[in-house]
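So you can see what is in the structure, the chains are spelled out below.
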Number of protein chains: 2
Amino acid sequence: MGSVKLGVSAGKLTNADADRLRRDLDSYMLKRGLRSTEQRRLIIDTFFDVGEHITIDSLLKQVRSVDSRVGYATVYRTMKLLTESGVVQEHKFGDGFTRYELSDEEHHHDHLICLDCGKITEFEEPLIEELQDRVANRYGFHVRQHKHELYGTCAECQKRNARKKKA
Amino acid sequence: MGSVKLGVSAGKLTNADADRLRRDLDSYMLKRGLRSTEQRRLIIDTFFDVGEHITIDSLLKQVRSVDSRVGYATVYRTMKLLTESGVVQEHKFGDGFTRYELSDEEHHHDHLICLDCGKITEFEEPLIEELQDRVANRYGFHVRQHKHELYGTCAECQKRNARKKKA
DNA sequence: ATTATTGCAAATATTTTGCAATAAC
DNA sequence: GTTATTGCAAAATATTTGCAATAAT
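Residues numbered from 1 in each chain as written. Chains lettered and ligands numbered in written order. Predicted model: local features only at pLDDT ≥ 70, side-chain atom pairs only at ≥ 80, totals over all residues. Heavy atoms only, no water.

1. A few points about the pattern of salt bridges
Residue and element names in this part refer to chain A.
Thinking step 1. Scanning the model with the defined rule gives 20 salt bridges over all chains in all.
Thinking step 2. With a shortest N-O distance of 2.8 Å, R99 and D95 are connected by a salt bridge.
Thinking step 3. A residue is classified by how much of its surface remains accessible, and R99, at 16% relative accessible area, is buried.
Thinking step 4. Under the relative-accessibility criterion, D95 is labelled partly exposed at 38%. (Salt bridge = Lys/Arg side-chain N within 4 Å of Asp/Glu carboxyl O. Buried < 20%, exposed > 50% of the residue type's maximum accessible area, 1.4 Å probe, protein only.)

2. A look at the sheet that holds strand β4 (residues 110–114) of chain A
Thinking step 1. What the six strands build is an open sheet, ordered β5(A)-β4(A)-β6(A)-β6(B)-β4(B)-β5(B); its pairing is mixed. The open sheet has two edge strands with one neighbour each: β5 (120–123) of chain A together with β5 (120–123) of chain B. Taking each pair of neighbouring strands and ignoring which way they run, the sheet shows an average axis angle of 25°. (Pairing = 2+ DSSP bridges. Helix = DSSP H or I, 4+ residues; strand = E, 2+ residues; numbered from the N terminus. Axes fitted to C-alpha atoms, helices over the stretch in contact; angles between N-to-C directions.)

3. Looking at the interface of chain B and chain A
Thinking step 1. Residue-level contacts link 35 residues of chain B with 35 residues of chain A.
Thinking step 2. The junction of chain B with chain A conceals about 3,000 Å² of combined surface from both sides, 62% of it contributed by carbon and sulfur atoms.
Thinking step 3. Taken as a group, F141, K147 and Y151 of chain B account for 20% of the area that chain B buries against chain A, more than any other trio of residues on that side.
Thinking step 4. One can count four salt bridges joining chain B with chain A.
Thinking step 5. Ionic pairing is found between D116 of chain B and R144 of chain A, a salt bridge with its closest N-O pair at 3.6 Å.
Thinking step 6. Counting the contacts that link chain B with chain A gives 20 residue pairs in polar contact (both at pLDDT 80 or more).
Thinking step 7. At twelve residues, strand β6 (residues 142–153) of chain B tops the list of elements feeding residues into the side of chain B that touches chain A.
Thinking step 8. In terms of residue class, the side of chain B that touches chain A is built from 17 nonpolar, ten polar and eight charged.
Thinking step 9. In terms of strand pairing, strand β6 (residues 142–153) of chain A meets β6 of chain B through eleven bridges, oriented antiparallel. Looking at the pairing, G152 of chain A lines up with V143 of chain B of β6 of chain B. (Contact = heavy atoms within 4.5 Å. Buried area = accessible area lost by both parts, 1.4 Å probe. Polar contact = N/O pair within 3.5 Å; in protein donor to acceptor, adjacent residues only side chain to side chain. Nonpolar A, V, L, I, M, F, W, Y, C, P; charged D, E, K, R; others polar.)

4. Concerning the pairing of β6 of chain A
Thinking step 1. Sheet topology note: the β4 of chain A/β6 of chain A ladder contains four bridges and is parallel. Residue pairing for β6 of chain A: H111 of chain A is matched across the bridge by E149 of chain A.

5. Considerations on the protein's contact with DNA strand C
Thinking step 1. Surrounding DNA strand C, one finds 23 residues, the nearest of these being Q39, R40 and T74 of chain A together with Y76 and T98 of chain B.
Thinking step 2. What you see for DNA strand C is that sugar and phosphate hold 68% of its atoms within 4 Å of the protein.
Thinking step 3. At 2.8 Å, a backbone N or O of R35 of chain A approaches a phosphate oxygen of DNA strand C.
Thinking step 4. Within the side chain of R40 of chain A, an N or O atom sits 2.3 Å from a phosphate oxygen of DNA strand C.
Thinking step 5. Elements with a contribution of two residues or more to the surface near DNA strand C: α2 (38–50) and α4 (72–84) of chain A together with α4 (72–85) of chain B.
Thinking step 6. Element by element, the count of residues in the surface near DNA strand C is highest for α4 of chain B, at five residues.
Thinking step 7. Counted by class, the surface near DNA strand C contains eight nonpolar, eight polar and seven charged residues. (Near = heavy atom within 4 Å.)

6. Considering the protein's contact with DNA strand D
Thinking step 1. If you check the shell around DNA strand D, you find 23 residues, and the closest are Y76 and T98 of chain A together with R40, T74 and R77 of chain B.
Thinking step 2. The protein-proximal atoms of DNA strand D, defined as those within 4 Å of the protein, are 66% sugar or phosphate.
Thinking step 3. The contact in question runs from a phosphate oxygen of DNA strand D to an N or O atom on the side chain of T98 of chain A, over 2.4 Å.
Thinking step 4. A distance of 2.7 Å is found between a sugar or linking oxygen of DNA strand D and a side-chain nitrogen or oxygen belonging to Q39 of chain B.
Thinking step 5. Element by element, the count of residues in the surface near DNA strand D is highest for α4 of chain A, at five residues.
Thinking step 6. In terms of residue class, the surface near DNA strand D is made up of eight nonpolar, eight polar and seven charged.

Here it is as C-alpha coordinates:
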(Lines give C-alpha, C1' and ligand atoms only; values in the text may rest on other atoms or scores of the structure.)
Protein backbone atom coordinates (compact mmCIF):
# COMPACT_ATOMS: atom_id res chain seq x y z
CA MET A 1 0.00 0.00 0.00
CA GLY A 2 1.93 3.09 1.09
CA SER A 3 5.16 1.30 0.31
CA VAL A 4 8.21 2.90 -1.21
CA LYS A 5 8.48 2.09 -4.87
CA LEU A 6 11.86 2.06 -6.47
CA GLY A 7 10.66 1.41 -9.98
CA VAL A 8 14.02 -0.08 -10.82
CA SER A 9 14.59 -3.41 -9.19
CA ALA A 10 13.11 -6.73 -10.05
CA GLY A 11 14.17 -8.63 -6.98
CA LYS A 12 17.78 -9.75 -7.22
CA LEU A 13 17.79 -9.82 -10.99
CA THR A 14 19.72 -7.25 -12.98
CA ASN A 15 17.81 -4.86 -15.19
CA ALA A 16 19.25 -6.64 -18.20
CA ASP A 17 17.79 -9.95 -16.98
CA ALA A 18 14.44 -8.36 -16.32
CA ASP A 19 14.42 -6.84 -19.80
CA ARG A 20 15.20 -10.20 -21.31
CA LEU A 21 12.27 -11.74 -19.47
CA ARG A 22 9.99 -9.00 -20.76
CA ARG A 23 11.12 -9.71 -24.29
CA ASP A 24 10.58 -13.44 -23.74
CA LEU A 25 7.07 -12.66 -22.60
CA ASP A 26 6.38 -10.38 -25.57
CA SER A 27 7.47 -13.03 -28.03
CA TYR A 28 5.43 -15.67 -26.18
CA MET A 29 2.33 -13.52 -26.39
CA LEU A 30 2.93 -12.58 -30.01
CA LYS A 31 3.35 -16.21 -31.01
CA ARG A 32 -0.02 -17.13 -29.49
CA GLY A 33 -1.92 -14.05 -30.59
CA LEU A 34 -2.43 -12.93 -26.98
CA ARG A 35 -3.36 -9.29 -26.47
CA SER A 36 -1.72 -6.54 -24.52
CA THR A 37 -4.48 -5.01 -22.43
CA GLU A 38 -4.39 -2.17 -19.94
CA GLN A 39 -4.95 -4.60 -17.06
CA ARG A 40 -2.23 -6.99 -18.13
CA ARG A 41 0.26 -4.21 -18.58
CA LEU A 42 -0.56 -2.83 -15.15
CA ILE A 43 -0.34 -6.24 -13.46
CA ILE A 44 2.88 -7.17 -15.20
CA ASP A 45 4.52 -3.80 -14.52
CA THR A 46 3.50 -3.96 -10.88
CA PHE A 47 4.84 -7.47 -10.58
CA PHE A 48 8.19 -6.60 -12.18
CA ASP A 49 8.44 -3.66 -9.79
CA VAL A 50 7.57 -5.51 -6.62
CA GLY A 51 8.74 -8.97 -7.63
CA GLU A 52 10.09 -11.56 -5.24
CA HIS A 53 7.66 -13.97 -3.63
CA ILE A 54 4.56 -11.84 -3.88
CA THR A 55 1.11 -13.34 -3.35
CA ILE A 56 -1.96 -12.77 -5.52
CA ASP A 57 -3.61 -10.86 -2.70
CA SER A 58 -0.75 -8.49 -2.20
CA LEU A 59 -0.30 -8.00 -5.92
CA LEU A 60 -4.01 -7.31 -6.40
CA LYS A 61 -3.92 -4.73 -3.62
CA GLN A 62 -1.06 -2.88 -5.30
CA VAL A 63 -2.73 -3.10 -8.69
CA ARG A 64 -6.02 -1.79 -7.31
CA SER A 65 -4.29 1.19 -5.75
CA VAL A 66 -3.73 2.28 -9.35
CA ASP A 67 -6.89 0.94 -10.96
CA SER A 68 -9.53 -0.19 -8.47
CA ARG A 69 -11.67 -1.91 -11.06
CA VAL A 70 -9.26 -4.78 -11.80
CA GLY A 71 -10.82 -8.12 -10.90
CA TYR A 72 -8.87 -10.76 -9.06
CA ALA A 73 -9.63 -13.39 -11.69
CA THR A 74 -7.61 -11.22 -14.07
CA VAL A 75 -4.65 -11.27 -11.74
CA TYR A 76 -4.87 -15.05 -11.42
CA ARG A 77 -5.13 -15.40 -15.18
CA THR A 78 -2.25 -13.05 -15.83
CA MET A 79 0.04 -14.82 -13.37
CA LYS A 80 -0.90 -18.13 -14.94
CA LEU A 81 0.05 -16.69 -18.31
CA LEU A 82 3.40 -15.54 -16.95
CA THR A 83 3.98 -18.95 -15.44
CA GLU A 84 3.14 -20.76 -18.67
CA SER A 85 5.45 -18.51 -20.61
CA GLY A 86 8.27 -19.53 -18.26
CA VAL A 87 8.88 -15.95 -17.19
CA VAL A 88 7.77 -16.50 -13.62
CA GLN A 89 7.81 -19.40 -11.21
CA GLU A 90 5.14 -20.40 -8.74
CA HIS A 91 5.97 -21.39 -5.19
CA LYS A 92 3.83 -22.91 -2.49
CA PHE A 93 5.55 -22.48 0.84
CA GLY A 94 2.78 -24.05 2.86
CA ASP A 95 0.97 -21.03 4.22
CA GLY A 96 -1.80 -21.55 1.71
CA PHE A 97 -0.81 -18.76 -0.62
CA THR A 98 0.86 -19.26 -3.96
CA ARG A 99 3.82 -16.94 -4.41
CA TYR A 100 5.41 -15.80 -7.62
CA GLU A 101 8.90 -14.76 -8.60
CA LEU A 102 10.75 -13.98 -11.82
CA SER A 103 12.69 -16.89 -13.31
CA ASP A 104 16.44 -16.72 -13.10
CA GLU A 105 17.89 -19.38 -15.33
CA GLU A 106 21.52 -18.46 -14.71
CA HIS A 107 21.52 -18.59 -10.94
CA HIS A 108 19.13 -21.17 -9.71
CA HIS A 109 18.30 -20.60 -6.08
CA ASP A 110 16.33 -22.25 -3.31
CA HIS A 111 14.66 -20.93 -0.19
CA LEU A 112 14.86 -20.56 3.57
CA ILE A 113 11.42 -19.87 5.03
CA CYS A 114 11.07 -18.48 8.55
CA LEU A 115 8.08 -20.03 10.27
CA ASP A 116 7.96 -17.18 12.81
CA CYS A 117 7.99 -14.04 10.65
CA GLY A 118 7.43 -15.51 7.21
CA LYS A 119 10.58 -14.02 5.75
CA ILE A 120 11.85 -15.79 2.66
CA THR A 121 15.58 -15.84 1.98
CA GLU A 122 17.19 -17.19 -1.15
CA PHE A 123 20.29 -19.36 -1.25
CA GLU A 124 22.49 -20.76 -3.97
CA GLU A 125 24.52 -23.92 -3.50
CA PRO A 126 25.84 -25.48 -6.70
CA LEU A 127 27.24 -28.45 -4.81
CA ILE A 128 23.78 -29.45 -3.68
CA GLU A 129 22.53 -29.22 -7.25
CA GLU A 130 25.39 -31.43 -8.32
CA LEU A 131 24.69 -34.07 -5.68
CA GLN A 132 21.05 -33.88 -6.57
CA ASP A 133 21.82 -34.65 -10.20
CA ARG A 134 23.89 -37.57 -9.05
CA VAL A 135 20.99 -38.92 -6.99
CA ALA A 136 18.64 -38.57 -9.95
CA ASN A 137 21.14 -40.46 -12.10
CA ARG A 138 21.21 -43.30 -9.60
CA TYR A 139 17.51 -43.82 -10.26
CA GLY A 140 17.61 -43.04 -13.99
CA PHE A 141 15.29 -40.19 -13.15
CA HIS A 142 15.08 -37.16 -15.40
CA VAL A 143 14.68 -34.02 -13.27
CA ARG A 144 12.55 -31.30 -14.80
CA GLN A 145 12.29 -29.08 -11.76
CA HIS A 146 13.00 -29.25 -8.09
CA LYS A 147 12.13 -27.76 -4.75
CA HIS A 148 14.53 -27.43 -1.87
CA GLU A 149 13.12 -25.52 1.06
CA LEU A 150 14.40 -25.16 4.59
CA TYR A 151 11.78 -24.25 7.17
CA GLY A 152 12.72 -22.94 10.59
CA THR A 153 13.66 -19.76 12.41
CA CYS A 154 15.67 -16.92 10.90
CA ALA A 155 18.52 -15.22 12.76
CA GLU A 156 16.45 -12.17 13.73
CA CYS A 157 13.59 -14.22 15.12
CA GLN A 158 16.02 -16.32 17.14
CA LYS A 159 17.37 -13.15 18.72
CA ARG A 160 13.92 -11.77 19.32
CA ASN A 161 12.77 -15.02 20.89
CA ALA A 162 15.81 -15.10 23.17
CA ARG A 163 15.05 -11.57 24.34
CA LYS A 164 11.41 -12.44 25.00
CA LYS A 165 12.45 -15.42 27.09
CA LYS A 166 14.61 -13.26 29.32
CA ALA A 167 11.89 -10.64 29.90
CA MET B 1 -9.65 -52.21 -2.74
CA GLY B 2 -8.70 -55.66 -4.00
CA SER B 3 -5.08 -55.01 -3.14
CA VAL B 4 -2.77 -57.55 -1.61
CA LYS B 5 -2.34 -56.89 2.08
CA LEU B 6 0.79 -58.03 3.77
CA GLY B 7 -0.17 -56.95 7.22
CA VAL B 8 3.47 -56.71 8.13
CA SER B 9 5.18 -53.83 6.45
CA ALA B 10 4.96 -50.20 7.33
CA GLY B 11 6.66 -48.86 4.26
CA LYS B 12 10.39 -49.14 4.50
CA LEU B 13 10.41 -49.06 8.29
CA THR B 14 11.28 -52.13 10.29
CA ASN B 15 8.63 -53.67 12.51
CA ALA B 16 10.60 -52.48 15.51
CA ASP B 17 10.44 -48.90 14.27
CA ALA B 18 6.74 -49.16 13.60
CA ASP B 19 6.18 -50.55 17.09
CA ARG B 20 8.10 -47.69 18.60
CA LEU B 21 5.92 -45.21 16.72
CA ARG B 22 2.80 -46.91 18.02
CA ARG B 23 4.11 -46.64 21.55
CA ASP B 24 4.95 -42.98 20.96
CA LEU B 25 1.40 -42.45 19.81
CA ASP B 26 -0.06 -44.30 22.79
CA SER B 27 1.88 -42.19 25.26
CA TYR B 28 0.95 -39.03 23.37
CA MET B 29 -2.73 -39.92 23.58
CA LEU B 30 -2.52 -40.98 27.19
CA LYS B 31 -0.83 -37.73 28.18
CA ARG B 32 -3.63 -35.68 26.64
CA GLY B 33 -6.51 -37.86 27.74
CA LEU B 34 -7.39 -38.76 24.15
CA ARG B 35 -9.56 -41.80 23.67
CA SER B 36 -9.01 -44.98 21.73
CA THR B 37 -12.14 -45.43 19.64
CA GLU B 38 -13.06 -48.13 17.18
CA GLN B 39 -12.73 -45.67 14.27
CA ARG B 40 -9.33 -44.42 15.34
CA ARG B 41 -8.00 -47.93 15.82
CA LEU B 42 -9.26 -48.92 12.39
CA ILE B 43 -7.83 -45.83 10.69
CA ILE B 44 -4.48 -46.13 12.43
CA ASP B 45 -4.17 -49.85 11.78
CA THR B 46 -5.05 -49.37 8.15
CA PHE B 47 -2.54 -46.57 7.82
CA PHE B 48 0.25 -48.58 9.44
CA ASP B 49 -0.56 -51.43 7.07
CA VAL B 50 -0.68 -49.43 3.89
CA GLY B 51 1.64 -46.60 4.86
CA GLU B 52 3.81 -44.71 2.43
CA HIS B 53 2.44 -41.62 0.80
CA ILE B 54 -1.22 -42.47 1.06
CA THR B 55 -3.89 -39.83 0.51
CA ILE B 56 -6.95 -39.23 2.68
CA ASP B 57 -9.19 -40.42 -0.14
CA SER B 58 -7.37 -43.67 -0.60
CA LEU B 59 -7.15 -44.27 3.13
CA LEU B 60 -10.85 -43.58 3.60
CA LYS B 61 -11.68 -46.03 0.83
CA GLN B 62 -9.69 -48.77 2.55
CA VAL B 63 -11.18 -47.95 5.92
CA ARG B 64 -14.72 -47.98 4.53
CA SER B 65 -14.17 -51.41 3.01
CA VAL B 66 -14.04 -52.60 6.61
CA ASP B 67 -16.53 -50.21 8.20
CA SER B 68 -18.58 -48.24 5.71
CA ARG B 69 -19.95 -45.83 8.26
CA VAL B 70 -16.68 -44.02 9.00
CA GLY B 71 -16.92 -40.34 8.06
CA TYR B 72 -14.16 -38.58 6.23
CA ALA B 73 -13.92 -35.85 8.86
CA THR B 74 -12.82 -38.58 11.24
CA VAL B 75 -10.03 -39.62 8.91
CA TYR B 76 -8.88 -36.01 8.58
CA ARG B 77 -9.00 -35.56 12.34
CA THR B 78 -7.15 -38.78 13.00
CA MET B 79 -4.38 -37.97 10.54
CA LYS B 80 -4.06 -34.53 12.08
CA LEU B 81 -3.70 -36.20 15.46
CA LEU B 82 -0.99 -38.48 14.12
CA THR B 83 0.79 -35.52 12.60
CA GLU B 84 0.65 -33.50 15.80
CA SER B 85 2.00 -36.43 17.77
CA GLY B 86 5.00 -36.51 15.43
CA VAL B 87 4.28 -40.08 14.39
CA VAL B 88 3.45 -39.19 10.80
CA GLN B 89 4.52 -36.53 8.38
CA GLU B 90 2.40 -34.66 5.89
CA HIS B 91 3.56 -34.06 2.34
CA LYS B 92 2.10 -31.90 -0.38
CA PHE B 93 3.56 -32.92 -3.70
CA GLY B 94 1.56 -30.48 -5.72
CA ASP B 95 -1.21 -32.67 -7.11
CA GLY B 96 -3.67 -31.17 -4.64
CA PHE B 97 -3.72 -34.11 -2.27
CA THR B 98 -2.01 -34.22 1.07
CA ARG B 99 -0.09 -37.44 1.55
CA TYR B 100 1.00 -39.07 4.79
CA GLU B 101 3.88 -41.27 5.78
CA LEU B 102 5.32 -42.61 9.02
CA SER B 103 8.16 -40.60 10.51
CA ASP B 104 11.60 -42.13 10.30
CA GLU B 105 13.94 -40.18 12.51
CA GLU B 106 16.97 -42.36 11.89
CA HIS B 107 17.00 -42.27 8.13
CA HIS B 108 15.74 -39.00 6.86
CA HIS B 109 14.74 -39.27 3.23
CA ASP B 110 13.53 -37.02 0.46
CA HIS B 111 11.50 -37.65 -2.67
CA LEU B 112 11.57 -38.09 -6.43
CA ILE B 113 8.11 -37.49 -7.91
CA CYS B 114 7.29 -38.66 -11.42
CA LEU B 115 5.07 -36.13 -13.15
CA ASP B 116 3.94 -38.75 -15.68
CA CYS B 117 2.83 -41.67 -13.53
CA GLY B 118 2.82 -40.08 -10.07
CA LYS B 119 5.22 -42.62 -8.62
CA ILE B 120 7.03 -41.42 -5.52
CA THR B 121 10.52 -42.73 -4.82
CA GLU B 122 12.50 -42.05 -1.69
CA PHE B 123 16.16 -41.17 -1.59
CA GLU B 124 18.72 -40.64 1.14
CA GLU B 125 21.77 -38.46 0.66
CA PRO B 126 23.57 -37.47 3.87
CA LEU B 127 25.97 -35.21 1.97
CA ILE B 128 23.10 -33.04 0.83
CA GLU B 129 21.86 -32.80 4.41
CA GLU B 130 25.32 -31.77 5.48
CA LEU B 131 25.62 -29.06 2.84
CA GLN B 132 22.15 -27.93 3.73
CA ASP B 133 23.16 -27.47 7.34
CA ARG B 134 26.16 -25.50 6.21
CA VAL B 135 23.93 -23.20 4.15
CA ALA B 136 21.63 -22.66 7.11
CA ASN B 137 24.63 -21.82 9.27
CA ARG B 138 25.73 -19.21 6.76
CA TYR B 139 22.49 -17.38 7.43
CA GLY B 140 22.29 -18.12 11.15
CA PHE B 141 19.09 -19.96 10.28
CA HIS B 142 17.77 -22.71 12.54
CA VAL B 143 16.27 -25.50 10.42
CA ARG B 144 13.29 -27.25 11.92
CA GLN B 145 12.24 -29.21 8.86
CA HIS B 146 12.97 -29.31 5.20
CA LYS B 147 11.64 -30.38 1.88
CA HIS B 148 13.75 -31.58 -1.00
CA GLU B 149 11.75 -32.83 -3.92
CA LEU B 150 12.81 -33.63 -7.46
CA TYR B 151 10.05 -33.53 -10.05
CA GLY B 152 10.45 -35.10 -13.45
CA THR B 153 10.18 -38.40 -15.28
CA CYS B 154 11.01 -41.76 -13.77
CA ALA B 155 13.04 -44.38 -15.61
CA GLU B 156 10.01 -46.48 -16.59
CA CYS B 157 8.11 -43.54 -17.98
CA GLN B 158 11.13 -42.47 -20.01
CA LYS B 159 11.23 -45.92 -21.57
CA ARG B 160 7.52 -45.95 -22.17
CA ASN B 161 7.62 -42.50 -23.74
CA ALA B 162 10.48 -43.53 -26.03
CA ARG B 163 8.49 -46.56 -27.18
CA LYS B 164 5.42 -44.44 -27.85
CA LYS B 165 7.44 -42.04 -29.96
CA LYS B 166 8.66 -44.85 -32.16
CA ALA B 167 5.19 -46.29 -32.69
C1' DA C 1 -15.63 -7.67 -37.76
C1' DT C 2 -13.56 -11.07 -35.25
C1' DT C 3 -12.16 -12.98 -31.15
C1' DA C 4 -9.32 -12.47 -26.89
C1' DT C 5 -10.10 -10.53 -22.46
C1' DT C 6 -12.49 -8.74 -18.56
C1' DG C 7 -15.29 -8.79 -14.23
C1' DC C 8 -18.59 -10.80 -11.84
C1' DA C 9 -20.63 -14.55 -9.62
C1' DA C 10 -20.96 -19.26 -9.24
C1' DA C 11 -18.45 -23.50 -9.18
C1' DT C 12 -14.47 -26.48 -7.61
C1' DA C 13 -11.85 -28.92 -4.51
C1' DT C 14 -9.73 -29.86 -0.27
C1' DT C 15 -9.88 -29.27 4.47
C1' DT C 16 -12.08 -27.49 8.71
C1' DT C 17 -15.78 -26.71 11.92
C1' DG C 18 -20.40 -26.39 14.56
C1' DC C 19 -23.47 -29.23 16.60
C1' DA C 20 -26.44 -32.81 18.30
C1' DA C 21 -25.96 -37.69 19.11
C1' DT C 22 -22.95 -41.27 20.75
C1' DA C 23 -19.50 -43.71 23.12
C1' DA C 24 -15.15 -43.98 26.03
C1' DC C 25 -13.47 -43.19 30.34
C1' DG D 1 -21.85 -38.96 34.69
C1' DT D 2 -18.59 -36.36 32.34
C1' DT D 3 -16.46 -35.13 28.32
C1' DA D 4 -14.00 -36.64 24.08
C1' DT D 5 -15.42 -38.24 19.64
C1' DT D 6 -18.29 -39.07 15.75
C1' DG D 7 -20.88 -38.10 11.40
C1' DC D 8 -23.20 -35.06 8.96
C1' DA D 9 -23.81 -30.89 6.66
C1' DA D 10 -22.29 -26.35 6.29
C1' DA D 11 -18.37 -23.22 6.21
C1' DA D 12 -13.97 -21.79 4.96
C1' DT D 13 -10.13 -21.14 1.73
C1' DA D 14 -7.72 -20.55 -2.56
C1' DT D 15 -8.32 -21.01 -7.21
C1' DT D 16 -10.90 -21.80 -11.57
C1' DT D 17 -14.57 -21.22 -14.82
C1' DG D 18 -19.01 -19.88 -17.48
C1' DC D 19 -20.85 -16.13 -19.51
C1' DA D 20 -22.33 -11.73 -21.20
C1' DA D 21 -20.16 -7.33 -21.95
C1' DT D 22 -16.08 -5.05 -23.57
C1' DA D 23 -11.98 -3.97 -25.92
C1' DA D 24 -7.80 -5.23 -28.85
C1' DT D 25 -6.50 -6.61 -33.19
